[in-house]
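Coordinate inspection notes
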Amino acid sequence: MTAEPSNPPGGPLPMVVPADGLPPRVRIHEVGARDGLQNEKATVPTEVKAEFVHRLAEAGLTTIEATSFVHPKWVPQLADAEQLFPRVRDLEGVDLPVLVPNARGLDRALALGARRVAVFASATESFAKANLNRTVDEALAMFEPVVARAKESEAPDDLVHVRGYLSMCFGDPWEGPVPVPQVVRVCKALLDLGCDELSLGDTIGVATPGHVETLLRALNDEGVPTNLLAVHFHDTYGQALANTLAALRHGVSTVDASAGGLGGCPYAKSATGNLATEDLVWMLRGLGIETGVDLGRLTATSVWMAGQLGRPSPSRTVRALSHQEQ
Ligand SMILES: CC(C)(COP(=O)([O-])OP(=O)([O-])OC[C@H]1O[C@@H](n2cnc3c(N)ncnc32)[C@H](O)[C@@H]1OP(=O)([O-])[O-])[C@@H](O)C(=O)NCCC(=O)NCCSC(=O)C[C@@](C)(O)CC(=O)[O-]
């Protein structure tokens, strides 16, 4: 399927202007090619990953996380980062962040011309150990030279943009609910290192809108500006869109999502798929919020990718629009 239906079930979408307090435009940080594919058991060929990224770009996504320069034994699915990145790096008008856990990862990414990198911390000790083989503070120490080197150049155009991810901001599969002050401490530490942006991860999808609001307020109270924040929700309990709306009402305007709802972290038991990009775009359209994304093309891409993976997409919007086409 390629085109959007002109008359979705329930009648055409109302043309609305964003309600007071909602951003007029949201930047979608697409994580399907990285977060989405890192958990797949069967190896996805490099050419398929490259085509996925190209199709996402054609659908209008302008920030597409491409891969990770982590230890290949830790995430075998992304062991082809060196082969993949050159196939996508010249996409015009598209930022292609990549994950780098340490100096070795940064070297590999910079050698291929990456201009956006992301370090990834944990708010809990259990996940820091499971994901990075480090304590929370040892991981921060590992990131320090990475961020410093990314920010080394004196020419502003040469600076590498650094995103800081923070996992387990709401709940942790080993430790349960995560205290807000514990999360705020690591958020501030990442920003103090020099991260340009901070993505708040609900790695196992247990957040609810009230919890999101509480965390965002606590961060503001500690001097963290909302414009540096992004949100990264998984949809385990079906709360990802409600959580996103709570974050938008708070002023957040960067939202992570994964085409077709692919995803999960191999080192977090019970991590399910990410918020599906199509579900996000559907909601934002209804709110009159711009994304620049062509929903028909995006849905076609997710249907195509689901075909490559041999199973249907979990995204409700993908399923609804695909059924309409039949
Ligand atoms: C951080 C390490 C490397 C520590 O793993 P370690 O075993 O402690 O590594 P080490 O520092 O002791 O080094 C051991 C060997 O690995 C090599 N090495 C070291 N680093 C690299 C590298 N970058 N690339 C290639 N090789 C590397 C290094 O050179 C050395 O080689 P040797 O000297 O023995 O020959 C490992 O734990 C790791 O790679 N972890 C990555 C885990 C991961 O990618 N998880 C998924 C992403 S996070 C996520 O999905 C959550 C998120 C972001 O989406 C948000 C959310 O939902 O919450």
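Residues numbered from 1 in each chain as written. Predicted model: local features only at pLDDT ≥ 70, side-chain atom pairs only at ≥ 80, totals over all residues. Heavy atoms only, no water.

As annotated in an unreviewed UniProt entry, the protein chain carries the name Hydroxymethylglutaryl-CoA lyase and comes from Streptomyces typhae. Under the UniProt heading Sequence similarities (unreviewed entry), the entry covering the protein chain gives this text: "Belongs to the HMG-CoA lyase family." (UniProt positions renumbered as here; feature names shortened; annotations may be inferred.)

**Some thoughts on helix 5 (residues 125-132)**
Residues of helix 5 that are buried: F127, A128, N131 and L132. Buried residues in helix 5, looked at end-on, bunch into an arc of 105°, giving them a common side. Looking at the buried side of helix 5, the elements it contacts are strand 5 (116-122), helix 6 (136-150), strand 6 (161-167) and strand 7 (171-172). Where helix 5 ends, the next residue or the one after it, N133, has phi of about 60°, a positive value. (Buried < 20%, exposed > 50% of the residue type's maximum accessible area, 1.4 Å probe, protein only. Helix = DSSP H or I, 4+ residues; strand = E, 2+ residues; numbered from the N terminus. Arc of directions from axis to C-beta. Contact = heavy atoms within 4.5 Å.)

**Notes on the site of the ligand**
Neighbouring residues of the ligand: 26 residues in total, closest H71, N102, N131, S167 and T203. N133 is positioned with one of its side-chain polar atoms (N or O) 2.9 Å from an oxygen atom of the ligand. A distance of 2.5 Å separates an oxygen atom of the ligand from a polar atom in the side chain of T203. Out of a free accessible area of 1100 Å², the ligand has 76% covered by protein chains. Judged by the proximity of its atoms to the pocket grid, the ligand belongs to the largest pocket. Those elements giving two or more residues to the shell around the ligand turn out to be helix 1 (32-36), helix 4 (103-111), helix 5 and strand 6. Counting residues per element, the shell around the ligand draws most heavily on helix 4, at three residues. (Near = heavy atom within 4 Å. Polar contact = N/O pair within 3.5 Å; in protein donor to acceptor, adjacent residues only side chain to side chain. Areas by Shrake-Rupley, 256 points an atom, 1.4 Å probe, with all protein chains shown as cover. 1 Å grid on protein atoms, 1.4 Å probe; cavity = no way out; pocket = protein on both sides within 12 Å on 5 of 7 lines; lining within 4 Å. Sits in = over half its atoms within 2 Å of the grid points.)

**Describing the confidence of the model for the protein chain**
Confidence in the prediction of the protein chain, expressed as mean pLDDT, is 92, and 92% of residues score 70 or more. This stretch, residues 1-7, has a pLDDT under 50; its non-local contacts, to residues over four places away or in other chains, come to 19 contacts. (pLDDT = per-residue confidence, 0-100.)

**What to know about the side chain of H161**
When you line up the elements, H161 lands in strand 6. Setting aside residues up to four positions removed in sequence, H161 forms contacts with R115, R116, V117, K151, D196 and E197.

**Quick notes on the environment of E47**
By the element assignment, E47 lies in helix 2 (residues 46-58). Using a relative accessible area of 49% as the deciding quantity, one classes E47 as partly exposed.

**Let's talk about the pattern of salt bridges**
A side chain with one charge may pair with a side chain of the opposite charge, provided their charged atoms come close. Inspection of every chain in the model, using the stated rule, returns 16 salt bridges. The partner of E197 in a salt bridge is R163, and the shortest N-O contact between them spans 2.8 Å. Here the residue E197 occupies a position in strand 9 (residues 197-202), and R163 occupies one in strand 6, the gap between them amounting to 34 residues. Bridged by salt links that share partners, the residues R27, R163, E197 and D256 form one connected network. (Salt bridge = Lys/Arg side-chain N within 4 Å of Asp/Glu carboxyl O.)

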